[in-house]
Protein chains: 2
Amino acid sequence: MDTVYSEGHAVHHASGELISGEFKPAFEMPQRAYNVIDAVREVGLGEIREPEKHGSAPATRVHTERMVRFLETAWDEWVAKRGEIDAFPLIWPSRSLRDIEPNDIDGKLGFYCADAGTPITAGTWPCVSAGVDVAVTAADMVLNGADSAFAATRPPGHHAGKEIFLGYCYLNFTAIAAQHMIDAGKKKVAILDVDYHHGNGTQDIFYDRDDVLFVSLHADPMEVFPFFAGHADETGTGAGEGYNVNMPLPLGATWESHYAEALDRGIEAVKDFDPDILIVSLGVDTYEHDPIGQICLKREDYARIGEALKGINKPTLFMLEGGYMVDHVGVNVVDVLKAFDAATV
Amino acid sequence: MDTVYSEGHAVHHASGELISGEFKPAFEMPQRAYNVIDAVREVGLGEIREPEKHGSAPATRVHTERMVRFLETAWDEWVAKRGEIDAFPLIWPSRSLRDIEPNDIDGKLGFYCADAGTPITAGTWPCVSAGVDVAVTAADMVLNGADSAFAATRPPGHHAGKEIFLGYCYLNFTAIAAQHMIDAGKKKVAILDVDYHHGNGTQDIFYDRDDVLFVSLHADPMEVFPFFAGHADETGTGAGEGYNVNMPLPLGATWESHYAEALDRGIEAVKDFDPDILIVSLGVDTYEHDPIGQICLKREDYARIGEALKGINKPTLFMLEGGYMVDHVGVNVVDVLKAFDAATV
């Protein structure tokens, strides 16, 4: 399996995040992707390619034009007001507050960004622009006949919705890749999200559509981030009814307890859909030692995931999502990819 | 004019707030109320009384039962999970996210609290309980025939809505006082909010009602906090249509430029309503040296506000709201109250 990767991700490094009642160093950091690429090299997974340039057009196919323009211009607007420190919101238009875009940059941040862990930094736009290039280039490899490809994007993207960003995610690289495949003429794309957290952004983007199936297994959002999406009763709307499948897992789930069974159900849902292409939102924050996650997969379980996914028997694009035990993120990701490559259908 | 005050406020002192991109010491602090009471004493405004105990029943007349119970129990729930540090949310159910109350305390915080500056501290519940006592006791003084009274509550309350809290505010003492007057048989209560920030919570609570008029002059929310409420087109709904009057002021407004004219219009709206009682949400963060505000009233303008309010010629309850230039908050507040007392109708 070949990998697409750009060093361009490294210019985005958030100064911190408000989490657990304190402003702490950001869990999401450049070293995550470095370790993934090191692991890819170490096992000789395949070629590592630079992406082609694609501009922001693929992003505006799944995000609103005004959100993409906001991400492009927010840093300059913020620096003019506040100076060169990371741009965090301070209030959010939740509950009875009104869904209106203010003029001021402090207000705009809360309008577009739903958490206190996803700041706009000096490097955010160049970083996520590189991510779009990586996603589309890897999608093209699969469109052009590769059995599989790996888009080593950073930061993750699956929390970014049509016009909202959160959870370290700014643009939804997985959704951008899926839409690119649809735009290239594919009729059906399935996204299987195995990140610890629910992919609320991917769900948001495809919620009313029947051409992109979204299946997610994740820690129960009644208990963990993102809390406000990912529940089992969210099944799609309109034409998309039935094409959104959420499988919340109890905290403490292991391969033997809940995980393998849910993965099987997710794989069956994908098979029933019979997609032209499968995209896997590959987060490894399900790891037992992840500092954020509370699902307890062991090292050897990642190869099992890779093998199981091969059984779907479709051209497959892997997209890097979360995983915050930095020293292990590379080996766990590569274990999935190696096992996928090695498995026979 | 007599004042109601409880030292009970002082047990709430937030460790900080996420503002302007940084986690900074909280602008809202106990010294604000101490300085107000010192100023009341210094000018001999009148008697300073301890409040009667009223429990949480008056709060549940304007806030949902479950939010009041959350405020009462959140600290213990948080400490059990995170230890004795202030409880801040990390994600908010804004925009396309779902309005669902999670089980977990981190999620519940984001569900009820809309910003990153209004943490639950060890002292929050006893502090705001004392505030309810102060508000109701002062309301009773006016109900019992006093021409005026001053409720020296802290923290402010006007950002707290039916089931949402933010902006340093947890319970809406002004709304609690207004509702207490209605419950005591008054037919019409007017609230005039002169705090720098829009009183989105008070608006939220009375938005569909014609027995409580809400009139607010404040900095334009397209430019400043709370951003997502306080716009001129928010005029009430249902029976409340026409009973909500927002007058956003441009940043940099002075007494001569915009302020006096808006205050006159607000006063005319109150006079047209002809209330039984007037409640003034008295914030002095309109002061030219306020560290948060960007409206430029001078010291002498506060006496002008007091004189102008006397012209309404109704029994009047003053409620302390914002004002963050700590050394001046007392004198500016007392200038309003003294001038009100001294003015002739």
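See above for the structure.
Here's what I pulled together on the structure shown here. Residue numbering note: each chain is counted from 1, following its sequence as written. Throughout, the order in which chains and ligands are written sets their labels, letters from A for the former and numbers from 1 for the latter. Note on the predicted model: pLDDT of at least 70 is required for a residue's local features to be given, and 80 or more for side-chain atom pairs to be given and counted; whole-chain, interface and lining totals, by contrast, use all residues. Note: side-chain values were computed over all heavy atoms of the structure, leaving out hydrogens and water.

Across its full length, chain A carries 10 helices and 10 strands. When we talk radius of gyration, it's over C-alpha atoms, and the globule rule is simply 2.2 Å times the number of residues to the 0.38. Over its C-alpha trace chain A gives a radius of gyration of 18 Å, about what one expects of a compact globule, namely 20 Å for 345 residues. For chain A, the spread of C-alpha atoms along the principal axes amounts to about 55 × 40 × 40 Å. Counting over 345 residues, chain A shows a buried share of 63%. A run of DSSP states H or I qualifies as a helix once it reaches four residues; a run of E qualifies as a strand once it reaches two. Both are numbered from the N-terminal end. We call a residue buried when its accessible area falls under 20% of the maximum for its residue type, exposed when it is over 50%, and partly exposed in between, using a 1.4 Å probe and counting protein chains only.

Residue and element names in this part refer to chain B. Within strand 6 (residues 189-193), 5 of the 5 residues are buried, which leaves the element mostly enclosed by the surrounding structure. Place the viewer so that the strands point away; then a crossover is right-handed whenever the path from the first strand over the helix to the second strand goes clockwise. Handedness of the strand 6-helix 6 (residues 200-206)-strand 7 (residues 212-219) crossover: right-handed. For two strands to be treated as a pair, DSSP must find at least two bridges joining them. Two elements, strand 6 and strand 9 (residues 277-282), share 5 bridges in a ladder whose sense is parallel. Counted as the bridge partner of alanine 190 is leucine 278 from strand 9.

Put simply, a salt bridge is a Lys or Arg side-chain nitrogen that is within 4 Å of an Asp or Glu carboxyl oxygen. Applying the stated criterion across every chain yields a total of 52 salt bridges over all chains. Between Arg61(A) and Asp183(A) there is a salt bridge whose closest N-O contact spans 2.7 Å. Here Arg61(A), found in the loop between helix 2 (57-60) and helix 3 (65-82), pairs with Asp183(A), found in helix 6 (residues 173-183); they are 122 residues apart in sequence, far enough to count as distant. Residue Arg61(A) is classed as partly exposed on the basis of its relative accessible area, which comes to 46%. Here the residues in one salt-bridge network are Arg66(A), Asp99(A), Glu101(A), Glu163(A) and Arg95(B), joined through shared partners.

Take the interface of chain A and chain B next. Each partner contributes to the interface: chain A provides 52 residues, whereas chain B provides 52 residues. At the surface where chain A touches chain B, the tally comes to 8 salt bridges. Asp233(A) is the salt-bridge partner of Arg98(B), the closest N and O atoms lying 2.9 Å from each other. Under this definition, polar contacts are N or O atom pairs within 3.5 Å; protein pairs additionally need one hydrogen-donor-capable and one acceptor-capable atom, and for neighbouring residues in sequence, both atoms have to be side-chain atoms. The interface formed by chain A and chain B contains 24 residue pairs in polar contact (both at pLDDT 80 or more). Within the residue set of the side of chain A that touches chain B, elements represented by two or more residues are strand 2 (17-19), strand 3 (22-24), helix 3, helix 4 (105-112) and helix 7 (200-206) of chain A. In this count, Pro and Cys sit with the nonpolar residues alongside Ala, Val, Leu, Ile, Met, Phe, Trp and Tyr, while Asp, Glu, Lys and Arg are called charged and the others, Gly among them, polar. Of the residues assigned to the side of chain A that touches chain B, the class counts are 27 nonpolar, 9 polar and 16 charged. Contacts are assigned to residue pairs that have any heavy atoms within 4.5 Å of one another.

The next point concerns helix 7 (residues 259-273) of chain B. All names here are of chain B. In this model helix 7 runs 21 Å from its N-terminal to its C-terminal C-alpha over 15 residues, within 8% of the 21 Å that 1.5 Å per residue would give. Where helix 7 is buried, its residues contact strand 6, strand 7, strand 8 (244-249), strand 9 and helix 8 (299-310). Where helix 7 terminates, the next one or two residues include aspartate 274, which has phi positive at roughly 55 degrees. Take the residue count of a helix, subtract one, and multiply by 1.5 Å to get its expected span.

Residue and element names in this part refer to chain A. An order of 4-1-5-10-9-6-7-8 is seen for the 8 strands of this open sheet, with the pairing classed as parallel. In this open sheet, the two strands that pair with only one neighbour each are strand 4 (48-49) and strand 8 (244-249). With 2 bridges joining them, strand 1 (residues 2-4) and strand 4 adopt parallel strand pairing. Across the sheet, residue threonine 3 finds its bridge partner in strand 4, namely isoleucine 48. Axis angles are defined between N-to-C directions and span 0 to 180 degrees, where every axis is a line fitted to C-alpha atoms and, for a helix, only to the segment in contact. Of the strands in this sheet, strand 6 (189-193), strand 7 (212-219), strand 9 (277-282) and strand 10 (316-320) touch helix 6, which is tilted by about 175 degrees from strand 9.

Right, let's get into the sheet that holds strand 9 of chain B. Residue and element names in this part refer to chain B. Read across the open sheet, the 8 strands follow the order 4-1-5-10-9-6-7-8; overall the sheet is parallel. Sheet topology places strand 4 (48-49) and strand 8 at the edges, where each strand pairs with a single neighbour. Here 3 bridges tie strand 1 (residues 2-4) to strand 5 (residues 148-151), and the two strands are oriented parallel to one another. Each bridged residue has a counterpart across the sheet, and for aspartate 2 the counterpart in strand 5 is alanine 149. Where helix 4 (residues 124-143) meets the sheet, its contacts fall on strand 1, strand 4, strand 5, strand 9 and strand 10 (316-320), and the angle it forms with strand 5 comes to roughly 175 degrees.

Okay, the side chain of Thr118(A) next. Residue and element names in this part refer to chain A. Tracing the chain through its elements places threonine 118 in the loop between helix 4 and helix 5 (124-143). At a separation of 3.0 Å, a polar atom in the side chain of threonine 118 contacts the main-chain amide nitrogen of glycine 167. For threonine 118, the side chain forms a polar contact with the main-chain nitrogen of tyrosine 168, separated by 2.9 Å. If we skip the residues at most four places from it in the chain, threonine 118 touches Cys113, Phe165, Leu166, Gly167, Tyr168, Cys169 and Tyr170.

What follows concerns helix 1 (residues 30-43) of chain A. Residue and element names in this part refer to chain A. Here helix 1 is 14 residues long and its end C-alpha atoms lie 21 Å apart, about the 20 Å a rise of 1.5 Å per residue gives. Buried residues belonging to helix 1 abut strand 1, strand 4, strand 5 (148-151), strand 10 and helix 10 (326-342). Glycine 44 sits one or two residues past helix 1 and shows a positive phi near 60 degrees.

On to the environment of Asp38(B). Tracing the backbone through its elements, the reader meets Asp38(B) in helix 1 (residues 30-43). When the C-alpha atoms of Asp38(B) and Phe27(B) are compared, they prove to be 19 Å apart, with 11 residues separating the residues in sequence.

Without other data, these values stay purely geometric and don't point to any function.
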